[in-house]
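If you want the building blocks of each chain, they are given just below.
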2 protein chains.
Amino acid sequence: MAKFQVNILGCGSATPSARHQPSCQVVDFRDKLFMIDCGEGAQSWFRRMGLKFSRLGHIFISHLHGDHVFGLPGLLSTMSLHDVQGTVTIHIFKEGAELLKSWMDFFNRQSSFEIIYDIIEPGERRVIYEDSGLTVETFPLYHRIPCTGFIFREKPKARHLRGDMVKFLGIPVSQLQAIKNGADYVKPDGTVVPNDRLTTPADPSVSYAYCSDTMYDKRVARDVAGVDTIYHEATYHSSLEATARERGHSTSLQAAVTARDAGASRLIIGHFSKRYVQGEQPLLEEAVAVFPSTVLANEGLRIDLE
Amino acid sequence: MAKFQVNILGCGSATPSARHQPSCQVVDFRDKLFMIDCGEGAQSWFRRMGLKFSRLGHIFISHLHGDHVFGLPGLLSTMSLHDVQGTVTIHIFKEGAELLKSWMDFFNRQSSFEIIYDIIEPGERRVIYEDSGLTVETFPLYHRIPCTGFIFREKPKARHLRGDMVKFLGIPVSQLQAIKNGADYVKPDGTVVPNDRLTTPADPSVSYAYCSDTMYDKRVARDVAGVDTIYHEATYHSSLEATARERGHSTSLQAAVTARDAGASRLIIGHFSKRYVQGEQPLLEEAVAVFPSTVLANEGLRIDLE
């Protein structure tokens, strides 16, 4: 099975704590790495999880709070010291690009690779990355300052050829790709063999959404409807719902409601307040009551999305 | 005894490694904290060592390489989230102040405390901090870019009163401070009692010098002559002396020669290259051969300077 995983490098909020690092995760899609947010210390966890700098080509920043960006200067400088080649594209709001560029132009002026800035507009919905197998889209979140979520969607996959039929009909190799993509086969005598006799259905395409930071808003569930796995912030337990709203954050219950309303198969909750020094079990419990397939994020956790 | 300690928060070079953090240390002088350099992750080690943000009033930055400054945005933001009051003065070269200010004005615009920038000029020798018990001076180091060292000097201390003489002579309380500072006592009948009959000598004043990053240069030993404890970078073993010079760094042997020539009592070596994955014992061995009172820096190490 083709690799599609998410690695959790940091799932705390605001400040590093004894329990958690600030926000950072890395999606591994068939050995291409995509970082989402980059809190202080991200480079250390990146290496600790055995990820390779040379495979990191895109970094997506959800919003311009320090706990989501302060790891960038160190990460990029270390990548240059490791002689990473090519380009690294940073998808980020305009002010973030300007601030980061001023530091990188000074501290990393002999960078081994080129940094490309892709400016995200607040509120924008756009495919900001595409290759032969994957797209990444932005959609708005609802925080104290402009904030964007990201949806990673595997493209539709090829159907599986039925080897017996290919052999029986003697289909030329040159036609196999078209048939995998859904074409019928026309025999030399003009007879049409419909595709569903030649193939079995493709594996389902998988999707992943990152929703952090955001307060609860019905529009989030609508925007991530049909996504398989959702990472959603759950800064507080619902006993602190008013605090959550005031600070532009969600409770774990609200995260579960969003996952349920979006029809997701799985929910990962994170961005935990440091107040839960005894662990986030209370947050998990109230989420599971609404959406059973919920897991707690944790540094070092690697989840298969397929 | 009054507290005068140095806490090692990071003593690696260039990038965080499994063994070491980037440069950072904290001098604790009678519960006032003074940070020297601030590599990424400094705030985490600061808390891990049980230091208090509210006592940190001054940060001294030796030079503008990322491994000495990338921890500043996170540290200052966290201090604000901890509602630290008053002022924090950052002693730094001009370009560093400008770069840091642009980030702090954006990411920490509602800071709980005021940041004051004290601009150090390259090559400058100046007392950049002074209170009733301590001075901090700059002096030039010799790196690839402008770099400054720092000397912490305890001011001369008061002499110890001889309780028996104070009582015997009936010296009024109002005169005791002057006597501790060296004054003679004039009896009501005009007789002068010389100070050395009233007091015993003050404890010696202690000093500490931070020399990182720098290549070997005789002028360093001259500038730190008479300092008690020297922290000196020792990025490489002397088998890599040419590399050290080329990159503006020192070998452990050169650090020891500087400490010996300066007449120091103790040398702490640090800023280790990450190549010494098996430990820095080889660096220690060659230093000790020249200067026996050498210790290896390490994260979490706290050294009494008195």
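First things first, this report covers the structure right here in the doc.

About the cut-offs
- Residues numbered from 1 in each chain as written.
- Chains lettered and ligands numbered in written order.
- Predicted model: local features only at pLDDT ≥ 70, side-chain atom pairs only at ≥ 80, totals over all residues.
- Heavy atoms only, no water.
- Helix = DSSP H or I, 4+ residues; strand = E, 2+ residues; numbered from the N terminus.
- Buried < 20%, exposed > 50% of the residue type's maximum accessible area, 1.4 Å probe, protein only.
- Polar contact = N/O pair within 3.5 Å; in protein donor to acceptor, adjacent residues only side chain to side chain.
- Contact = heavy atoms within 4.5 Å.
- Pairing = 2+ DSSP bridges.
- Axes fitted to C-alpha atoms, helices over the stretch in contact; angles between N-to-C directions.

Side note on unusual backbone geometry
Part 1 of the argument: For the bond running from S212 of chain A to D213 of chain A, omega is 0 degrees, close enough to zero to count as cis.
Part 2 of the argument: Assignment of secondary structure puts D213 of chain A in the loop between β14 (207-211) and α7 (218-223).
Part 3 of the argument: One non-glycine residue, R30 of chain B, adopts positive backbone phi at about 50 degrees.
Part 4 of the argument: If you trace the backbone, R30 of chain B turns up in the loop between β2 (24-29) and β3 (32-38).
Part 5 of the argument: Overall, R30 of chain B belongs to the partly exposed group, its relative accessible area being 37%.

A word on the side chain of H68 of chain A
Residue and element names in this part refer to chain A.
Part 1 of the argument: With respect to the element layout, H68 can be found in the loop between β4 (56-60) and α2 (72-81).
Part 2 of the argument: For H68, a relative accessible area of 0% translates into the label buried.
Part 3 of the argument: Here D213 takes part through its side chain, which lies 3.3 Å from a polar atom of the side chain of H68.
Part 4 of the argument: Sequence-distant contacts of H68, that is, excluding residues within four places in its chain, are made with S23, D37, C38, G39, I61, S62, H63, Y210, S212, D213 and H271.

Overview of the sheet that holds strand β16 (residues 266-270) of chain A
All names here are of chain A.
Part 1 of the argument: Judged by pairing direction, the sheet is mixed, and its seven strands sit side by side in the order β7-β8-β9-β14-β15-β16-β17 without closing on themselves. Unpaired on one side and paired on the other, β7 (127-130) and β17 (294-296) mark the two borders of the sheet. With strand direction ignored, the average angle separating the axes of adjacent strands in the sheet is 20 degrees.
Part 2 of the argument: Looking at chain direction, strand β15 (residues 229-233) and β16 are connected through five bridges and run parallel. Bridge assignment links Y231 to a residue of β16, and that residue is I268.

Function cannot be read off these values alone, since they describe shape.
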